[in-house]
Amino acid sequence: MNFDGAERVSSEMGEGPHLRDRCDGDVGGFRDICGLRGVHAMNLKQNGSGRADDGFIRLGGLWHSTFRRLLSGKGLWLGEIFSDAARKHPGTEVELDRPLQCFAEDGLHFTVTQLAGLVDELAARLGAAGIRPSERVAIYKTDNFDIVLLACAAARIGAVPALLSPALDGDVVAKLLDRIGQPWLITDGDTLDGKLREVPVADITRAVLLSAGASRPDAVSLSSHAGAPRRQPVRQRPHDPMVITHSSGTTGLPKLAVHCPEGFWHRQAPQKLIAWPIRGREKAALSMTLVHARFYMALEMFFSRGNSMVVAVDPDPAKIGPLLVRTRPGFLETHPNTFVDWEVLADAPGAPLSSVRFFNAAFDAIHPRTISRMLNASNRSRPLFFRFYGQSEIGPVSGYWYTRRSAPSAIGQCVGFPLFGFISMRIVGPDGRRRRAGQPGHIEVRGPSQILTYLGEEKRYAREVHDGWWRMGDMGYLDRWGRLYLRDREVDQIESMKSNLEIEDLLMSRLDELREVVIVAGAHGQPVPVVATTGEQPLGEERWQQATRDLPTMAPVVQCRYEQLPYTATRKVRRRELTRLLRDGVIVNNQVGE
């Protein structure tokens, strides 16, 4: 739907006008963004959820409904992250690990005021290229911090950026572009000539824009619009689609999650409370995927508090170590599996981790061995390691923290307490009835932080809502103290194993040389352990037998090179894909005992 010349109404909130959707039927023009027209009248009595007048499903619960009403109008707007930071803390410094593609000549060091100016410049270029409010803009390009600037610039003029990970293969991106529905595509020449070489880009996009470089017959460079007149910011309404991200894709084609400003605000609120003690005091270093909602939560959280920042795109320990030595951050966040890779930094020259007081892992479960090594590498008096569990659809739902003293006894599957007041949680059996403490079942949550829908798959989204609760797809249980323990993804369960994750944690703790261990189902349902070691050193048969002596029977271990393992953008192993690679003989046991 083209909103060129769309009616706008002034707003007393924020810096720009709201985008008012043209009323088309009883749902409104913004539903065209999600391809939802015609399905909003589906029977909702089956799942007990409710819909607001915009037609999107709202999770149930009197407390959360009241909470949402009391805080009506609250939102975290992507297009205002940098401008708000420049207004509150104009001198806050940001250091990058590689130059921006869009503005390569500007170097690595910026203030938020300078970055806000770059966002405004990119917004002007996007507007000059023809992008209008509510139009979808897919961003799929070489990994670089300018992904963030482009996303915020698109949102700043009212468009809806769809963030696609640079780690995705071209054929997957082609399917997602088709599902997004003829979006604008922002990319670069290397990506067009590389991963998108075999993709009929012109047939599945509205137009192609290059983030840098010269224009070419099949694409227009944004640099050709340099110096375009600045455009007035456009603010979406709190419940309107603002940005599209995608799931990790561990169980198949990634799902496209549609976020709104209100949902962003509610998932940010508990994180801001937890981060209050370090407001403006510690330099924050982030090294995570730039296309996940969590990155924008962290960015806004530290910008709003005036914390200086370091943003690293390359997580290679050989690169990140010297960067940490030079910048000396007090807060460090990355993916759980990247922390595993960074264990080598504990003894690296210059003590890269010595200045860190707060470590944070927010994407998945993390091995207790890794937590201990991080904390012991810090020279701060009382370092803490925070871990959060959640997913793209709902944000963080539980959390916990560890000290040097508590980390050695940590249980990897324990992902902490539900975020009281922000998230409600229950465990249910196959019949939908609530399970008692200690009894495993489906993990279900509800709260005001959920996404609006899956783009192009609203019925699939609705199927995961049960009596107003969101089913996360993970199996687990709550202990008598209310702590959540994970078992496995429902689709990854193996009949002869109580928990794959539990066995994997035990093996990581017993075999220091392991860099990764994953247990998947073999051709006949038997557990198949797949391992990779630090430095690709051979794992002796004797060592393996000793480590597994008291564990359930498994198939012979398969050792492969670390780069052979299929990972998602957040460094999760794609277990289904790994199973296929084993079945097809792409990954074979090529190290053990040699």
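Since the model is a prediction, treat every value here as computed from it, not as a measurement.

A look at the overall build of the protein
Link 1 in the chain: Counting secondary structure elements, the protein contains 17 helices and 29 strands.
Link 2 in the chain: Within the protein, the proportion of its 594 residues that are buried is 60%.
Link 3 in the chain: Per element, the accessible surface of the protein, about 23,700 Å² overall, is 50% carbon and sulfur.

As for helix H5 (residues 146–156)
Link 1 in the chain: Of all 11 residues that make up H5, 11 are buried, and the element is covered over most of its length.
Link 2 in the chain: The first or second residue beyond H5 is Gly158, which carries a positive phi of 90°.

Considerations on the side chain of Gln413
Link 1 in the chain: Here Gln413 lies in the loop between strand E19 (395–402) and strand E20 (417–418).
Link 2 in the chain: Ignoring any residue separated from it by four or fewer positions in sequence, one finds Gln413 in contact with Leu484, Tyr485, Leu486, Ser499, Leu501, Glu502 and Asp505.

Considerations on the sheet that holds strand E27 (residues 514–521)
Link 1 in the chain: Here we have 3 strands laid out as an open sheet, ordered E27-E28-E29, and mixed in their pairing. The open sheet has two edge strands, E27 and strand E29 (558–559), and neither has a second partner.
Link 2 in the chain: Along the sheet, helix H17 (residues 575–583) contacts E27, strand E28 (527–533) and E29; its crossing angle with E27, the most-contacted strand, is approximately 80°.

Some points on the packing of H5 against helix H10 (residues 293–305)
Link 1 in the chain: Orientation of H5 relative to H10, taken along the N-to-C sense of each, is 85°, at an axis distance of 12 Å. In terms of orientation, H5 lies roughly perpendicular with respect to H10. Contacts between H5 and H10 involve Ile147, Val148, Ala151 and Cys152 from the first element and Phe295, Tyr296 and Leu299 from the second.
Link 2 in the chain: Residue composition of the contact of H5 with H10, by class: 7 nonpolar, no polar and no charged.

Remarks on unusual backbone geometry
Link 1 in the chain: The residue Gln182 is not glycine, and still its phi comes out positive at about 50°.
Link 2 in the chain: Looking at the element boundaries, Gln182 is found in the loop between helix H6 (170–180) and strand E9 (184–187).
Link 3 in the chain: Its relative accessible area of 42% is what places Gln182 among the partly exposed residues.
Link 4 in the chain: Of note, Asp467 is a non-glycine position whose phi angle comes to about 50°, a positive value.
Link 5 in the chain: Structurally, the position occupied by Asp467 is in the loop between strand E24 (465–466) and strand E25 (469–478).

Concerning the environment of Ile411
Link 1 in the chain: Tracing the backbone shows Ile411 in the loop between E19 and E20.
Link 2 in the chain: Residue class for Ile411 comes out partly exposed when judged on its relative accessible area of 40%.
Link 3 in the chain: Excluding residues that lie within four positions of it along the chain, Ile411 makes contacts with Pro368, Arg387, Tyr402 and Tyr485.

Some remarks on the packing of helix H4 (residues 112–129) against H5
Link 1 in the chain: Where H4 contacts H5, the two axes come as close as 8 Å, and the packing angle between them is 60°. Relative to H5, the element H4 is oriented oblique. Relative to H5, the crossing made by H4 is right-handed. Residues Leu115, Leu118, Val119, Asp120, Leu122, Ala123 and Leu126 of H4 form the contact with H5, whose own contacting residues are Leu149, Leu150, Cys152, Ala153, Ala154 and Arg156.
Link 2 in the chain: Its residues placed into classes, the contact of H4 with H5 shows 11 nonpolar, no polar and 2 charged.

Observations concerning the confidence of the model for the protein
Link 1 in the chain: When pLDDT is averaged along the protein, the result is 86, and 87% of the positions lie at 70 or above.
Link 2 in the chain: Scored below 50 in pLDDT, residues 1–16 shows 44 contacts in the model against residues more than four places distant or in partner chains.
Link 3 in the chain: Confidence drops under a pLDDT of 50 for residues 20–49, and excluding neighbours within four residues, the segment shows 77 contacts in the predicted structure.

A word on the pairing of strand E22 (residues 441–446)
The side chains of a regular strand alternate between both faces of the sheet.
Link 1 in the chain: In terms of burial, E22 is a largely internal element, 6 of the 6 residues being buried.
Link 2 in the chain: Pairing of strand E21 (residues 424–428) with E22, which is carried by 5 bridges, proceeds in the antiparallel orientation. Of the residues in E22, the one forming a bridge with Ser424 is Arg446.
Link 3 in the chain: With 4 bridges joining them, E22 and E25 adopt antiparallel strand pairing. When the sheet's bridge partners are listed, Gly441 is paired in E25 with Gly476.

Remarks on the pairing of strand E12 (residues 243–246)
Link 1 in the chain: Burial along E12 is two-sided: the residues Val243 and Thr245 and Ile244 and His246 are all buried.
Link 2 in the chain: Two elements, E12 and strand E13 (residues 256–259), share 4 bridges in a ladder whose sense is antiparallel. In the sheet register, Val243 faces E13, and the bridge partner there is His259.

What to know about the packing of aromatic side chains
Link 1 in the chain: Considering all chains together, one arrives at 17 aromatic pairs under this definition.
Link 2 in the chain: A centroid spacing of 5.9 Å and a plane angle of 85° characterise the contact between Phe339 and Trp342, whose relative ring orientation is edge-to-face. There is no split in this pair, since Phe339 and Trp342 are both buried.
Link 3 in the chain: Three or more aromatic residues joined by ring pairs make a cluster, and in this case those are Phe339, Trp342, Phe359 and Phe385.
Link 4 in the chain: Above the ring of Trp77, the side-chain terminus of Arg235 is found at 3.7 Å from the ring centroid.
Link 5 in the chain: Above the face of the Tyr562 ring, Arg515 is positioned so that its terminal group lies 3.5 Å from the ring centre.

Quick notes on the sheet that holds strand E6 (residues 109–111)
Link 1 in the chain: Read from one edge to the other, the open sheet built from 9 strands follows the order E6-E5-E15-E14-E16-E17-E18-E19-E20, with strand pairing classed as mixed. The open sheet has two free edges, formed respectively by E6 and E20, since each of these has just one partner strand.

Things to note about the pattern of salt bridges
Link 1 in the chain: Applying the stated criterion across every chain, the model contains 34 salt bridges.
Link 2 in the chain: We note a salt bridge from Asp120 to Arg230, for which the minimum N-O separation is 3.9 Å. Here Arg230 lies in the loop between strand E11 (220–221) and E12 and Asp120 lies in helix H4, a separation of 110 residues in the sequence.
Link 3 in the chain: A relative accessible area of 25% places Asp120 in the partly exposed class.
Link 4 in the chain: Several salt bridges share partner residues, and in doing so they unite Asp120, Glu121, Arg125, Arg156 and Arg230 into one network.

Procedures and definitions
- For every chain, the first residue of its written sequence is number 1, and the numbers climb from 1 along that sequence.
- At least 70 in pLDDT is required for a residue's local features to be given in this predicted model, at least 80 for side-chain atom pairs to be given and counted, and no such filter applies to totals for whole chains, interfaces and linings, which use all residues.
- The side-chain numbers reported here are obtained from all heavy atoms of the structure, hydrogens and water having been left aside.
- Starting at the N terminus, helices and strands are each numbered in turn, a helix being any DSSP run of H or I of at least four residues and a strand any DSSP run of E of at least two.
- Summary of the burial criterion: residues with accessible area below 20% of their type's maximum are buried, those above 50% are exposed, and those between are partly exposed, where the area comes from a 1.4 Å probe applied to protein chains only.
- All accessibility values rest on the Shrake-Rupley procedure with a 1.4 Å probe; residue burial counts only the protein chains present in the view.
- Here, two residues are considered to be in contact whenever any of their heavy atoms come within 4.5 Å of each other.
- One bridge is not enough; two strands pair if DSSP finds at least two bridges between them.
- Simply put, an axis is a line fit to the C-alpha atoms, just over the touching stretch for a helix, and the angle between two N-to-C directions goes from 0 to 180 degrees.
- Comment on the angle field: the value is read as roughly parallel under 35 degrees, roughly antiparallel over 145, roughly perpendicular from 65 to 115, and oblique elsewhere.
- Ten residue types, Ala, Val, Leu, Ile, Met, Phe, Trp, Tyr, Cys and Pro, are classed as nonpolar, four, Asp, Glu, Lys and Arg, as charged, and the remainder, Gly among them, as polar.
- Left-handed is the label given to a crossing in which the near helix is rotated counterclockwise from the far helix by less than a right angle, and right-handed is the label when the rotation is clockwise.
- Residue-level confidence of the predictor is summarised by pLDDT, bounded by 0 at the bottom and 100 at the top.
- Only Phe, Tyr and Trp rings take part, Trp by its six-membered ring, and two of them pair if their centres are within 6.5 Å. Stacked means planes under 30 degrees apart, edge-to-face means over 60, and tilted covers everything else.
- Lysine and arginine charges are scored as sitting over a ring when NZ or CZ, respectively, is within 6 Å of the ring centre and within 35 degrees of the ring normal.
- Any Lys or Arg side-chain nitrogen located within 4 Å of an Asp or Glu carboxyl oxygen qualifies as a salt bridge.

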